[in-house]
Amino acid sequence: MTPKNPYAATVAMLFAAVSWGSLFLVGKPVLSRLDPIWFTAVRYLLAAGGMTLLVVLFGQRPWAKLRAHWATLTGYGVLGYGFFGVLVLEGLKLSLPSHGAVLMATMPMTTILLRWLLDGHRPGWNVAGAAVLALSGVVLVSGVLGRTDGPPHMLLGDALTLLGTVGWVLYTRGAAKVPELSPLEYTGLTALAALPWQLLFAVGATVIGGIAAPTWQDLAPVGPHLLYIAAVPTVAAVVAFNFGVRQLGASHGTLFLNGVPVSALLMSVALGQHPAMQEWIGAALVIAALTLSTRTPAPARPVAAASTTRQDSVKTPTMGEAAVRCPAT
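These notes cover the structure that comes with them. (Residues numbered from 1 in each chain as written. Predicted model: local features only at pLDDT ≥ 70, side-chain atom pairs only at ≥ 80, totals over all residues. Heavy atoms only, no water.)

Let's shift gears to the overall build of the chain. Scanning the chain from N- to C-terminus turns up 15 helices and zero strands. Across the chain, every contact between residues at least 6 apart in sequence was considered, and the portion connecting residues at least 24 apart equals 87%. Total accessible area on the chain is roughly 15000 Å²; 69% of this is exposed by carbon and sulfur atoms. (Helix = DSSP H or I, 4+ residues; strand = E, 2+ residues; numbered from the N terminus. Contact = heavy atoms within 4.5 Å. Areas by Shrake-Rupley, 256 points an atom, 1.4 Å probe, with all protein chains shown as cover.)

Let us look at unusual backbone geometry. At R61, a residue that is not glycine, the phi angle is positive and equals roughly 50°. Summarising the element assignment, R61 is placed in the loop between α2 (36-58) and α3 (62-68). Given a relative accessible area of 63%, R61 falls into the exposed group. (Buried < 20%, exposed > 50% of the residue type's maximum accessible area, 1.4 Å probe, protein only.)

Core analysis: the largest hydrophobic core is formed by 57 residues, its most contacted members being L34, F39, L73, Y186 and L226. Excluding anything up to four places from it in sequence, L73 contacts K65, L66, V178, L181, Y186, L189, T190 and A193. (Core = buried A, V, L, I, M, F, W, Y, C linked by side-chain atoms within 4.5 Å.)

A few words on the packing of helix α4 (residues 70-94) against helix α8 (residues 154-173). The geometry of α4 relative to α8 is characterised by a closest axis approach of 7 Å and an angle of 165° between their N-to-C directions. Between α4 and α8, the crossing angle belongs to the class labelled roughly antiparallel. Pair α4 / α8 crosses with left-handed handedness. A breakdown of the residues in the contact of α4 with α8 according to their chemical character gives 16 nonpolar, eight polar and one charged. (Axes fitted to C-alpha atoms, helices over the stretch in contact; angles between N-to-C directions. Parallel < 35°, antiparallel > 145°, perpendicular 65-115°, else oblique. Left-handed = near helix turned anticlockwise from the far one by under 90°. Nonpolar A, V, L, I, M, F, W, Y, C, P; charged D, E, K, R; others polar.)

Here we come to helix α5 (residues 97-104). Along an α-helix, residues three or four apart share an orientation, since each turn contains 3.6 residues. Within α5, eight of the eight residues are buried, which leaves it mostly tucked inside the rest of the structure. Inspection of α5 places P97, S98, H99, G100, A101, V102, L103 and M104 among the buried residues, and these make up the whole buried set.

Once that is clear, we can look at the packing of helix α1 (residues 6-30) against helix α10 (residues 216-248). Running from amino to carboxyl end, α1 crosses α10 at an angle of 155°, the nearest separation of the two axes being 8 Å. Considering their axes alone, α1 and α10 lie roughly antiparallel with respect to each other. Crossing angle aside, the handedness with which α1 passes α10 is left-handed. Along the lines of polarity and charge, the residues of the contact of α1 with α10 split into 26 nonpolar, seven polar and no charged.

With that settled, the discussion passes to the side chain of T40. Mapped onto the elements, T40 comes out in helix α2. Of note is the side chain of T40, whose polar atom sits 2.9 Å from the backbone oxygen of P36. With residues near it in sequence (within four places) discarded, T40 still touches Y81, G85, V86, L89 and Q198. (Polar contact = N/O pair within 3.5 Å; in protein donor to acceptor, adjacent residues only side chain to side chain.)

Inspection of the entire model under this criterion finds two salt bridges. Across the salt bridge formed by E185 and K65, the nearest N and O atoms sit 3.0 Å from each other. Of this pair, E185 sits in helix α9 (residues 183-207) while K65 sits in helix α3, placing them 120 residues apart in sequence. In this pair, the class of E185 matches that of K65, namely buried. (Salt bridge = Lys/Arg side-chain N within 4 Å of Asp/Glu carboxyl O.)

Mapped onto the fold, Y171 is located in helix α8. Assessed through its relative accessible area of 0%, Y171 is described here as buried. Along the chain, Y171 and T187 lie 16 residues apart, while their C-alpha atoms are 9.9 Å from each other.

What follows covers the packing of aromatic side chains. Tallied over the full model, the rule gives six aromatic pairs. Note on F84 and W168: the rings are 4.9 Å apart at their centroids and 50° apart in plane angle, and the pair reads as tilted. In this pair, F84 is assigned in helix α4 and W168 in helix α8, connecting sequence segments 84 residues apart. Classification of W168 as buried rests on a relative accessible area of 1%. By way of ring pairs, the aromatic residues Y44, Y81, F84, W168, Y171 and Y186 are connected into one cluster. (Phe/Tyr/Trp six-rings, centres within 6.5 Å; stacked < 30°, edge-to-face > 60°.)

A few words on α4. For α4, which comprises 25 residues, the first-to-last C-alpha distance of 35 Å matches the rise-based estimate of 36 Å (1.5 Å per residue) to within 8%. In α4, a bend of some 25° at V78 exceeds every other bend along the element. (Expected span 1.5 Å × (residues − 1). Bend = angle between axes of the 7 residues up to and from the residue.)

Here we come to a nonpolar patch on the surface. A contiguous nonpolar patch, built from V262, L266, V269, M277, W280 and I281 and spanning about 520 Å² of accessible area, is present on the exposed surface. For the nonpolar patch, the elements supplying multiple residues, two or more each, are α12 (259-270) and α13 (277-294). You can call I281 partly exposed: its relative accessible area is 42%. (Patch = residues over 30% accessible without salt bridge, like charges linked within 9 Å, V, L, I, M, F, W, Y side chains within 5 Å.)

Now the structure itself:
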């Protein structure tokens, strides 16, 4: 089917990629005042209004679906928004924004590898080569090969971010448990279902003395940052990405994830930061790997498989399908 408005869809996709890239730069100063656990809880508390509006306007009986699948949506919401959100922010606190953006862009490749490990869907040689290429890029950008001018705990931070991305990929696979939900409904309802538990976890960690509760003096200086993160990367970018995918298709939409690390690096330069040459090379390798993998034709499905139920057909989302539910952060 010919896209209704490919130009608007392209603009929407670029907006989403740039928004997700900006999250790492805008969020970095917030971490000097808020612990990642409270940062995540406040972020989704502020975004809850937008998420609610989205599912009401574009969902079909969302509250009935939330009641029917409350346990599943809560579990995957905590995994995706809590586990993923906290670890990525912990990684960002210890590392560089450009590193976080590049590591986010490896999620489609992680999806392919997990499908191989968990479901037995062995990728073709082209996809396997793309995975090696992406891993090489991550190694370069993370400083494993000897960069010494970054933060002292940069490697640990990158490892935490990478672990967090695995949580998000597992979260995207959870959509197969509720195939009657649209990508937008799954995104919004899991966020709303997980929010009470994120707040409870933050309060509990504060009560036992593990973290400090934010004060007004902490929140006021970074209030504009938090509002931006809640409104733009968390809500608006998801709407734009879903619109673009609906217009262009999931496989083409995946390509726009390549813009996340590029936009973060370019914004770093605009703000006066100077990424090392190996970071530029690493980002380029990741982008090349993702482009190669998304251009790899999917293997032909057996005729008998075409008669499977809709639920069976979504048990192992493709890389493009994972990208539909990938509001990078």
